Amino acid sequence: QVQLVESGGGLVQPGGSLRLSCAASGRFFRINVMGWYRQAPGKERELVATITRDGSTNYADSVKGRFTIDGDNAKSTVSLQMNNLEPEDTAVYYCNALIYINNWTNYWGIGTLVTVSS
């Protein structure tokens, strides 16, 4: 049973910073990609940032220059440093991982709420 456990959400003022973390647990052979997605009220889930096993990163245009994703292959963790947060960043943030057990499967965390408000 693979689980992704997120932490680090909360309330922050505009211009502030938060760091989200996610750890994969359970028995699996390999993680190929880990990342973060978010879903704001009334909107569809969207990609925020991803990082591959070899360290290649991809960011949504709306967060480039403000968010940084990093991962630790040995610990099966991924983090998202969010700086200069804006009210538009308010959403539930979900950790995602492409994991190989018997085949490649996408796994999701339960989400952590980030609220940017004064």
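Residues numbered from 1 in each chain as written. Predicted model: local features only at pLDDT ≥ 70, side-chain atom pairs only at ≥ 80, totals over all residues. Heavy atoms only, no water.

Participant: How do you make sense of the pattern of salt bridges when you look at a structure like this?
Facilitator: Opposite charge on two side chains allows them to pair when their charged atoms are near. Considering all chains together, one arrives at six salt bridges under this definition. The salt bridge partner of E46 is R38, with a shortest N-O separation of 2.8 Å. The exposure class of R38 is buried, given its relative accessible area of 6%. Bridged by salt links that share partners, the residues R38, E46, R66, E86 and D89 form one connected network. (Salt bridge = Lys/Arg side-chain N within 4 Å of Asp/Glu carboxyl O. Buried < 20%, exposed > 50% of the residue type's maximum accessible area, 1.4 Å probe, protein only.)

Participant: Teacher, can you tell me more about the side chain of R66 here?
Facilitator: Looking at the secondary structure, you find R66 in the loop between strand 6 (57–59) and strand 7 (67–72). Residue R66 is classed as buried on the basis of its relative accessible area, which comes to 9%. A polar contact is formed between the side chain of R66 and the backbone oxygen of S62, at a distance of 2.8 Å. Beyond its immediate sequence surroundings of up to four residues, R66 is in contact with Q81, M82, N83, N84, L85, E86 and D89. (Helix = DSSP H or I, 4+ residues; strand = E, 2+ residues; numbered from the N terminus. Polar contact = N/O pair within 3.5 Å; in protein donor to acceptor, adjacent residues only side chain to side chain. Contact = heavy atoms within 4.5 Å.)

Participant: Honestly, the sheet that holds strand 1 (residues 3–7) in this entry has me stumped. Any pointers?
Facilitator: Sheet strands line up and pair through hydrogen bonds in the backbone, either parallel or antiparallel. Ordered by their spatial adjacency, four strands build an open sheet running 1-3-8-7, and the pairing between neighbours is antiparallel. The open sheet has two edge strands, strand 1 and strand 7, and neither has a second partner. Between one strand axis and the next, the sheet turns through 15° on average, direction left out of account. Two strands pair when backbone bridges link them, and strand 7 and strand 8 (residues 77–82) are joined in this way by six bridges, in the antiparallel orientation. (Pairing = 2+ DSSP bridges. Axes fitted to C-alpha atoms, helices over the stretch in contact; angles between N-to-C directions.)

Participant: Mind showing me how you'd approach the state of the cysteines here?
Facilitator: Any covalent bond linking the sulfur atoms of two cysteines counts as a disulfide. Evaluated as defined, the whole model comprises one disulfide. Here C22 is linked by a disulfide to C95, with a sulfur-sulfur distance of 2.0 Å. Judged by the torsion about the S-S bond (-80°), the C22/C95 disulfide is left-handed. Here C22 is found in strand 3 (residues 18–25), whereas its partner C95 is found in strand 9 (residues 91–100), with 73 residues between them in sequence. (Disulfide = S-S within 2.5 Å.)

Participant: Got a minute to help me understand the packing of aromatic side chains in this structure?
Facilitator: The geometry of an aromatic ring pair comes down to the distance between the two centres and the angle between the two planes. Across all of its chains, the model carries three aromatic pairs by this definition. Geometrically, the ring pair formed by F29 and Y100 is edge-to-face, given 6.2 Å between the ring centres and 70° between the ring planes. Here Y100 lies in strand 9 and F29 lies in the loop between strand 3 and strand 4 (30–39), a separation of 71 residues in the sequence. Judged by its relative accessible area of 66%, F29 is exposed. Among the residues examined, Y100 registers a relative accessible area of 28% and is labelled partly exposed. Members of the aromatic cluster, connected to one another through ring pairs, are F29, Y100 and W104. Sitting over the face of the ring of Y94, R45 holds its NZ or CZ atom 3.7 Å from the ring centroid. The side chain of R45 reaches across the aromatic face of W108, ending 4.6 Å from its centre. (Phe/Tyr/Trp six-rings, centres within 6.5 Å; stacked < 30°, edge-to-face > 60°. Lys NZ or Arg CZ within 6 Å of the ring centre and 35° of its normal.)

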